[in-house]
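The chain contents come next:
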Amino acid sequence: MKQTVCRTSELLPGEMVSGQIGPIPVVVVRASDGTLHAMVAKCLHQGGPLDKGRLYEHVTAQDIGEYIPEKNCEILKCPWHGYEYDIRTGCVLTDPSRRLQQFNVREEGDEVVVELAPPTPAAAST
Amino acid sequence: MTEAAIRTPVVGPERKFHIIDTDVHERAELAALVPYLEPMWQKYITDFGWVPERNLPYAQFAAGGLDRADAKLPDGRPGGSDLGLVRKQLLDEYDIDYAVLTGWLDASALHPGWPEFKTALMTAYNDWQIEEWLDRDQRLLGSIHVNAHDPAGAVREIERLADHPKMVQAIMYIADKAYGDPFFLPIFEAAARNNLPVGFHHSENSPTAFGYHRYFVEWHTLVPQVFMSTIISLIFNGVLDKFPELKIIMIEGGFTWAPHLMSRADQQFKQLHSEVPWVKRMPSQIIRDQVRFATQPTEEMSLERFMSLLEWLESDELFCFSTDYPHWDFDSPYEALPLGLPVELKRKIFCENAQALYKKIPALVG
């Protein structure tokens, strides 16, 4: 099963769109490097709608008081309680053992298409 | 090892483990510290009448006030003033192998003002502690009191005494300052560098979230608040991540609140950790790795409830037994914890957990 979620021109780097594959809500994200990532749009915490969340760059620190933005490392923050996910892996940042189901997403012509199948490295493409 | 052998004061080689009491209060009369003060500071006590600031607006509504009624001296001195009575009522009575003195006067809980005098006073207090207590009974271990309001002076004091074989920790009483503030960082760096744990103890200047309630019973119920604030401050300001080898112990705050704190801190961290990216581990894991709890004051509870607390903590290495002698809410080594605790667990709580915390003790045990 696959589903077109938008036109390629409607999803720019740093943006996301919502979609649906059968009964499953999905969120499709285009990262700052142009790669596409799709995952179930339901937070593992209390089911918050992740497609209504926010994309931020991941911030790290080497020492107390530092905020160091990491390039090409966006996180998706749940709109409800703020759980954060690595858009490339679907993992919860504070607990990588917990992971959102991810889907294959690719461009077909001028459309962004999500497929009810696990992502492949080749699928995370511009 | 039978149950009876642990719950009765067995002496000699029959007992297979030691009892380490992690909170015993020795008491000085202010005048007794004067000879230990540098001469230039002495007149402020002898002539100018300086006394420690005390915010607590109540008396303790216990039979003996602050102390067990039977721990006060016939001449009116407070409990913990006389080594002979400490031996009789605690060390000998319960066959305590080692007792960590946690003091009476601690500048960290006093007003930040006049830091030079208070730093000097802590030096005097530590020297008095060593000469009057540690040198007079091999079972007594000491705490390096520092003036946290003068971090440079606190570091000097830690460096001065870190190699003393019986000074097992640095200690700071808690008032209303969050010790995770970078202002205090040099103190933790010095403790970590010298492989000394840091003890935290509440004080008569520890407020609740509402300051000082109308009654002592309210304030005393809420004492754990300042311990929670201290732990959370040290975690989220990155102190415990910056010094992952540093161990800290919360003294005289009990422990039943620890599972709640760990659970709530973890939840907040999951949701808000991007605010504090220097924190690298889940708070509950930081606590399991680096925080210990002196057990007193215990709360009467069933064995089942006690074991469920441990299950929630996911560790049996966090609790270190303490009596808080000579205070009014003293915990008896034989009565305070629930009956029926497994022997191996008792061994950890009464001895091994403290032994792991205080690295100098194994050398003393030999």
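Refer to the structure presented above.
Cut-offs and rules
- Residues numbered from 1 in each chain as written.
- Chains lettered and ligands numbered in written order.
- Predicted model: local features only at pLDDT ≥ 70, side-chain atom pairs only at ≥ 80, totals over all residues.
- Buried ≥ 20, exposed ≤ 12 C-beta atoms within 10 Å, placed from the backbone.
- Helix = DSSP H or I, 4+ residues; strand = E, 2+ residues; numbered from the N terminus.
- Pairing = 2+ DSSP bridges.
- Contact = placed C-beta atoms within 7 Å.
- Nonpolar A, V, L, I, M, F, W, Y, C, P; charged D, E, K, R; others polar.
- Axes fitted to C-alpha atoms, helices over the stretch in contact; angles between N-to-C directions.
- Core = buried A, V, L, I, M, F, W, Y, C linked by C-beta atoms within 7 Å.
- Parallel < 35°, antiparallel > 145°, perpendicular 65-115°, else oblique.

Colleague: Give me the lowdown on the pairing of strand E2 (residues 98-101) of chain B, citing residues and values where you can.
Modeller: Residue and element names in this part refer to chain B. Burial along E2 is two-sided: the face carrying Tyr98 and Val100 and the face carrying Ala99 and Leu101 are both buried. Bridge count between strand E1 (residues 20-24) and E2: three bridges; the pairing is parallel. Within E2, the position partnered with Asp21 by the bridge is Ala99. Two elements, E2 and strand E3 (residues 140-145), share two bridges in a ladder whose sense is parallel. Residue pairing for E3: Ala99 is matched across the bridge by Leu140.

Colleague: Just give me the short version of the interface of chain B and chain A, but keep the residues and values in it.
Modeller: Counting residues at the interface gives 13 residues for chain B, matched by 12 residues for chain A. By residue class, the composition of the side of chain B that touches chain A is six nonpolar, five polar and two charged.

Colleague: Give me the lowdown on the sheet that holds strand E3 (residues 24-30) of chain A, citing residues and values where you can.
Modeller: Pairing between sheet strands relies on hydrogen bonds along the backbone, with the strands arranged either parallel or antiparallel. Residues and elements named next belong to chain A. The antiparallel open sheet is built from six strands, whose spatial order is E1-E11-E10-E4-E3-E2. With one partner strand each, in any of the chains shown, strand E1 (2-7) and strand E2 (15-21) form the two edges of the open sheet. Neighbouring strand axes in the sheet, compared pairwise and without regard to direction, differ in orientation by 30° on average.

Colleague: I'd love a proper account of the sheet that holds strand E4 (residues 167-173) of chain B, names of residues and values included.
Modeller: Residue and element names in this part refer to chain B. Read across the open sheet, the eight strands follow the order E1-E2-E3-E4-E5-E6-E7-E8; overall the sheet is parallel. A single partner strand is all that each edge strand has here, and the edge strands are E1 and strand E8 (319-320). Note that strand E5 (residues 198-201) and strand E6 (residues 248-251) share four bridges and pair parallel. Residue pairing in the sheet places Gly199 in a bridge with Ile249 of E6. Contacts between helix H5 (residues 115-132) and the sheet are confined to E2 and E3, with E3 contributing the most and set at about 175° to the helix.

Colleague: Any chance you could break down unusual backbone geometry for me, citing the residues and the numbers?
Modeller: Residues other than glycine predominantly adopt negative phi, and peptide bonds predominantly adopt the trans conformation. Residue and element names in this part refer to chain B. Omega for the peptide link from Gln296 to Pro297 comes to 0°, which places this bond in the cis form. Residue position: Pro297 is located in the loop between strand E7 (291-294) and helix H13 (303-313). Residue Pro326 follows Tyr325 across a cis peptide bond; omega there is 5°. One can find Pro326 in the loop between E8 and helix H14 (343-357). For Trp114, which is not glycine, the phi torsion reads 55° and is therefore positive.

Colleague: Give a description of the nonpolar core that names residues and reports values.
Modeller: Ranked by size, the top nonpolar core spans 92 residues in total, and within it B:Ala99, B:Val146, B:Ile158, B:Ile187, B:Ala191 and B:Met250 carry the most contacts. If sequence neighbours within four positions are ignored, B:Met250 has contacts with B:Phe200, B:Phe227, B:Ile231, B:Val291, B:Phe293 and B:Ala294. Formed by 26 residues, the second largest nonpolar core is a distinct cluster that contains A:Met16, A:Val28, A:Ala38 and A:Ile75.

Colleague: If you had to explain the packing of helix H6 (residues 151-161) of chain B against helix H7 (residues 185-193) of chain B to someone new, which residues and values would you point to?
Modeller: Packed helices, taken two at a time, are described by the angle their axes make and the gap between the axes. All names here are of chain B. One way to put it is that H6 packs onto H7 with a least axis distance of 8 Å and a crossing angle of 10°. By the criterion of interaxial angle, the relationship of H6 to H7 is roughly parallel. Contact with H6, carried on its side by Pro151, Ala152, Ala154, Val155, Ile158 and Glu159, involves Pro186, Ile187, Ala190 and Ala191 of H7 and no other residues of that element. The class makeup of the residues in the contact of H6 with H7 is nine nonpolar, no polar and one charged.

Remember, this is a structural readout, not a statement about activity or role.
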